[in-house]
Amino acid sequence: MKKPFVTHEQLKEIVKRYETPFHLYDEKGIRENARALRDAFSWNKGFKEYFAVKATPNPSILSILKEEGCGMDCSSYTELLLSDMIGCRGEDIMFSSNATPAYEYMKARKLGAIINLDDITHIEYLEKAAGIPEKICCRFNPGGVFSISNSIMDNPGEAKYGFTRQQLTEGFLRLAELGVKAFGIHAFLASNVLSNEYYPLLARTLFTTAAELKKETGADITFINLSGGIGIPYRPEETKADIAKIGREVEKAFNEIMVPAGLSDAAIFTELGRFMLGPYGCLVSTAIHEKHIYKDYIGLDSCAADLMRPAMYGAYHHITVMGKENRPNDCKYDITGSLCENNDKFAVDRMLPKIDKGDLILIHDTGAHGYSMGYNYNGKLRSKELLLKENGDVKMIRRAETVEDYFATLKL
Ligand SMILES: *Cc1c(COP(=O)(O)O)cnc(C)c1O
């Protein structure tokens, strides 16, 4: 059984002050998890997590992570502004973008961010747009399929990102000519992977590539960026990735490959998003309608504008009917939002306790790629965001959108 990080009593108090729907984040959980990640990689002197800002782009959340020692992984102009806003600048920013416009490179350079180039042609593009920095990273795409224990995890050969292996060699040589002194390499080969084998396997690929590149080009490789991709258990039967074990396995690979290659000073960087925030956010809604036709439907006061993952990917998000945790799951429902799109369903054929109008419905694991993916289809306005602080207080960290926000871009 999946247990929410708030109790029904707490939530009833919160709802007295803040109307549903809202995303609620758990400061305590965020901090504990960030510390567990840091501990897992404490064997590496330069270790740093660059939080993927796109997952939860709220300055209050970003500040908590910054306090826990994280940098920011940005991939757009506004994400760079968010990072700047919380005082995170210079090499505490990783700029991992693709199809990047010149003005974004200019902003990244101005802030002193570490730039992670997505393509060999971006070398020239960056040189023209903003000049080449002394430290730079290149994103590697090994092509083919990426599998763990014979099961295919993802398909890098179909992905738009990164340099080919040959392009890495050429790119490093060219960048050295242009004055680069310190290099990093990055790869993101699979997303939402629960297996403890993902990072160690990815690390082995990158470590081997780093050792080869050092030999071929003489480049000084100062960091390896393992990027994001560690998954979270969205389903109650899944188990959490064991971050301590992942850290130990990456260390083993580091000792086997990097140390003999003379790369023992290299730092390990990560750009986790989902793993850092996913479980520490939930979407709280009220059941406002009940409908019985060929199937049984419960209509919520939130919709895909607040959480798009189910509509977009058919993603599973666990649901708790608050206060009815101990009742039998003997009703089969589709739990829907109000968009004029039949895919606006948070759950399909879900077995739940009997729901009554007015029940508080908690949708789990919306802390990453939840609010941030929201949109304004059907003129729907996005919900507010609340932070449950460590001392139990609740703070609004983003108000709900208003009609004025929606109309702000119109020229009448
Ligand atoms: C989205 C993204 C991440 C974070 O991915 P998660 O699956 O949330 O861990 C990290 N790096 C880059 C470049 C990304 O695009």
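Before reading on, note that the structure itself is shown above.
Residues numbered from 1 in each chain as written. Predicted model: local features only at pLDDT ≥ 70, side-chain atom pairs only at ≥ 80, totals over all residues. Heavy atoms only, no water.

Colleague: Help me get a handle on the site of the ligand, residues and values and all.
Modeller: Surveying the vicinity of the ligand reveals 14 residues, the closest of which are Lys54, Gly229, Glu271, Arg274 and His369. At a separation of 3.4 Å, a nitrogen atom of the ligand approaches a polar side-chain atom of Ser227. Side-chain polar atom of His369 to an oxygen atom of the ligand: 2.8 Å apart, as the coordinates give it. For the ligand, whose free accessible area comes to 380 Å², the fraction covered by protein is 91%. Across the shell around the ligand, the residue classes break down as three nonpolar, six polar and five charged. (Near = heavy atom within 4 Å. Polar contact = N/O pair within 3.5 Å; in protein donor to acceptor, adjacent residues only side chain to side chain. Areas by Shrake-Rupley, 256 points an atom, 1.4 Å probe, with all protein chains shown as cover. Nonpolar A, V, L, I, M, F, W, Y, C, P; charged D, E, K, R; others polar.)

Colleague: An account of the side chain of Ser76 is needed here, citing residue identities and associated values.
Modeller: Note that Ser76 resides in the loop between β3 (71–74) and α4 (77–85). A polar side-chain atom of Ser76 sits 3.4 Å from a polar atom in the side chain of Thr78. Apart from the residues lying within four places of it in its own chain, the contact partners of Ser76 are Phe95 and Glu104. (Helix = DSSP H or I, 4+ residues; strand = E, 2+ residues; numbered from the N terminus. Contact = heavy atoms within 4.5 Å.)

Colleague: Mind laying out the pairing of strand β15 (residues 331–336), listing which residues take part and the relevant values?
Modeller: Where burial is concerned, most of β15 is hidden: five out of the six residues are buried. For strand β13 (residues 296–300) and β15, the ladder comprises three bridges, and the chain directions are parallel. From the neighbouring strand, Ile298 faces β15, where its bridge partner is Ile335. (Buried < 20%, exposed > 50% of the residue type's maximum accessible area, 1.4 Å probe, protein only. Pairing = 2+ DSSP bridges.)

The quantities given are spatial measurements derived from coordinates; they are silent on function.
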